[in-house]
Every structure is written in structure tokens, then in C-alpha cells.
Amino acid sequence: MDRSTLALALEAGRITGEVATPRENNLSHIRRFLDQERQFDFGVELTRNWDYDSVFALMVERCGLRPDPDFVEGVDTISTDACIDALERLAEAVGEVTRAGGQILFATGHPAGLLPVHMAIATAAKGAGAVIDTRDHFIPVPEIGGDVRQINNVWTWHLHGGSPHTHLAEPVHALLDDIAARGGSAPDLVVADHGWAGAASSRGLRTIGYADCNDPALFVAEAQGQIEATVPLDDDVVPNLYAPLIDYVIERAGLN
């Protein structure tokens, strides 16, 4: 698949271009991130001073929000070019680590949207030689309850019989602490989203994350040099709409 074909598919599925996440939500989340509210900080460790104007400008530059600061309500945008640029960096990293036989950790806080994306890329990477550390047990997360467990090579947070949507950092801390306690090696690459990606990057791990236009934390982490790339996209469309994105990453990574 070429870049222009993917661009058309992304915009047709409203994964990029004009997206469902409204402008007022995007602007509110910038403020809530700056207030370091739980579920909005994503476990990202701030290493610079940020204010509203600097984060807004960053989101315009790296995510593609509409640049007019006086536009405060309505349909907002995600840059298709920025998304594809970041997907190419994702594919390059996954391909590089896979060819080296390295270990990749896939995780999601958006099981109803991004889980199939992670599953497909994880399966392709594993089949091409990447190490995916699998566990037959779950790992408790005492701070917030529940546990973390894998679904087809992808880590999720489990609570009360389901895998809830979460932006919290505690699940990845529990997982990484368990790996260390068992004498395991840290992954060579983390491919994740939300708190899974933010907290992993704050622990110094090579990380690539997916983020929506109302998720400034991961774009800030990228600007601070903690995250290698942040892929801007609507992170909660119907999962089958991500199929062209999956095919593009797998092809560009050389996993097929």
C-alpha cells in the first residue's frame, strides 16, 4: 500500500482529518494535563516547564489541531501526514527490533479500539522473529485493583471480568516491576498507548505510542525526548477501520 492510498483510508474512516473528538474536549484536556490530573498525566515525567500556550502550539505542530486559538468549539482535526510520518517511524522501529530478535512489549488502555491494532502487529512481529514475553499468570495491580494480563500477546488491565478503558500508569508499573522481580530483561521496545506508553517512557524504555488529539501527554513526552514517536490518530473508531493502517505498518516493517 502506498502513502496516498493509506491517507485516503485514514480520512475516510475519520482516523485523521476531521475527527470525532471535539475541540472543546481537546482544549479541556490540555488544561487537565497541565494540572497533572490522574488519567490525564499518563505517567509522563515533566522535564520542562509547560504552559497552555506551549502545549497548544505543540498539539498544532505534532498532532494537527486547528491552529486558530479563538476556535474553541466544534470539529477539530488530526494531521494525516503527521500520522503517516509517525507510522513510518513505528514500522522502522518494530522492523529493526524484530530483525535483531529483540523483545517487544505491546500494551493498550483502549481495548475496544486499539487492541486489534496491537494484536495484529504483535502477531506479525512474533512470526518474523521478535520476542514477545508471554505469561500464563496475571499480575495484580494493588493501587487500583484488578490485574494486568495478556490477550493475544497484548497487555491490558483487567477489572471485574472485563478490560476497561484506562489512561492510568499503574498497570505498566506493575508489569515492569514483576518482570524485574522475576529476573527478566526489560523490553527493547514498548509499543503502547496512554498511560502504558507514558509511564514506560518515563522509566527510560524505548517507546512508541498512539495518541488522540485530546491526549497531550504523549506529545509532550515526545517533545521532551522520552518517547521516540507519537502517532496522532483517533484512537476509538470501529476497529476494522484500522485495517489499512495495520497493513501499512506490517508491510513497511518488513514483517509479511
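Residues numbered from 1 in each chain as written. Predicted model: local features only at pLDDT ≥ 70, side-chain atom pairs only at ≥ 80, totals over all residues. Heavy atoms only, no water.

Student: Account for helix H9 (residues 243–253), naming residues and giving values.
Tutor: Regarding H9, the residues found buried are Leu 245, Ile 246, Tyr 248, Val 249, Ile 250 and Ala 253. Where H9 is buried, its residues meet helix H1 (3–12), helix H4 (80–99) and helix H5 (115–127). Just beyond H9, the residue with positive phi is Gly 254, at close to 75°. (Buried < 20%, exposed > 50% of the residue type's maximum accessible area, 1.4 Å probe, protein only. Helix = DSSP H or I, 4+ residues; strand = E, 2+ residues; numbered from the N terminus. Contact = heavy atoms within 4.5 Å.)

Student: Would you mind going over the sheet that holds strand E9 (residues 229–232) in detail, with residue names and values included?
Tutor: Taken in spatial order, the 7 strands make up an open sheet running E4-E5-E6-E3-E7-E8-E9, and their pairing is mixed. In the strand order of this sheet, the two ends are held by strand E4 (139–140) and E9, each with one partner. With 5 bridges joining them, strand E5 (residues 147–151) and strand E6 (residues 154–158) adopt antiparallel strand pairing. Looking at E6, one finds that Ile 151 is bridged to Val 154. H5 rests against strand E3 (104–107), E5, E6, strand E7 (189–193) and strand E8 (207–211) of the sheet, and its axis sits at about 160° to E3. (Pairing = 2+ DSSP bridges. Axes fitted to C-alpha atoms, helices over the stretch in contact; angles between N-to-C directions.)

Student: If you had to explain unusual backbone geometry to someone new, which residues and values would you point to?
Tutor: Glycine aside, residues mostly have negative phi, and peptide bonds are mostly found in the trans state. For Gln 39, which is not glycine, the phi dihedral falls at a positive 80°. Mapped onto the fold, Gln 39 is located in the loop between helix H2 (23–34) and helix H3 (52–62). Positive phi, close to 55°, is recorded for His 194, a residue that is not glycine. Along the chain, the position of His 194 falls in helix H7 (residues 194–202).

Student: Describe in detail the side chain of Asp 178, supporting the description with residues and values.
Tutor: For Asp 178, the location among the structural elements is in helix H6 (residues 170–181). Residue Asp 178 is classed as buried on the basis of its relative accessible area of 14%. Apart from residues lying up to four places away in sequence, Asp 178 is in contact with Arg 135, His 137 and Ile 139.

Student: Account for the packing of aromatic side chains, with residues named and values stated.
Tutor: Tallied over the entire structure, the rule returns 1 aromatic pair. Ring centres of Tyr 52 and Phe 56 lie 6.2 Å apart, and the angle between their planes is 10°; on these two criteria the pair is classed as stacked. Residue Tyr 52 and its partner Phe 56 are both found in helix H3; the two are separated by 4 residues, about one turn of the helix. Its relative accessible area of 9% is what places Phe 56 among the buried residues. (Phe/Tyr/Trp six-rings, centres within 6.5 Å; stacked < 30°, edge-to-face > 60°.)

Student: So what about the environment of His 118? Which residues, and what values?
Tutor: With respect to the helices and strands, His 118 occurs in helix H5. By relative accessible area, which is 1% here, His 118 ends up buried. Along the backbone, His 118 and Gly 17 are 101 residues apart, and their C-alpha atoms lie at a distance of 22 Å. A distance of 3.3 Å separates a polar side-chain atom of His 118 from the backbone oxygen of Ala 107. (Polar contact = N/O pair within 3.5 Å; in protein donor to acceptor, adjacent residues only side chain to side chain.)

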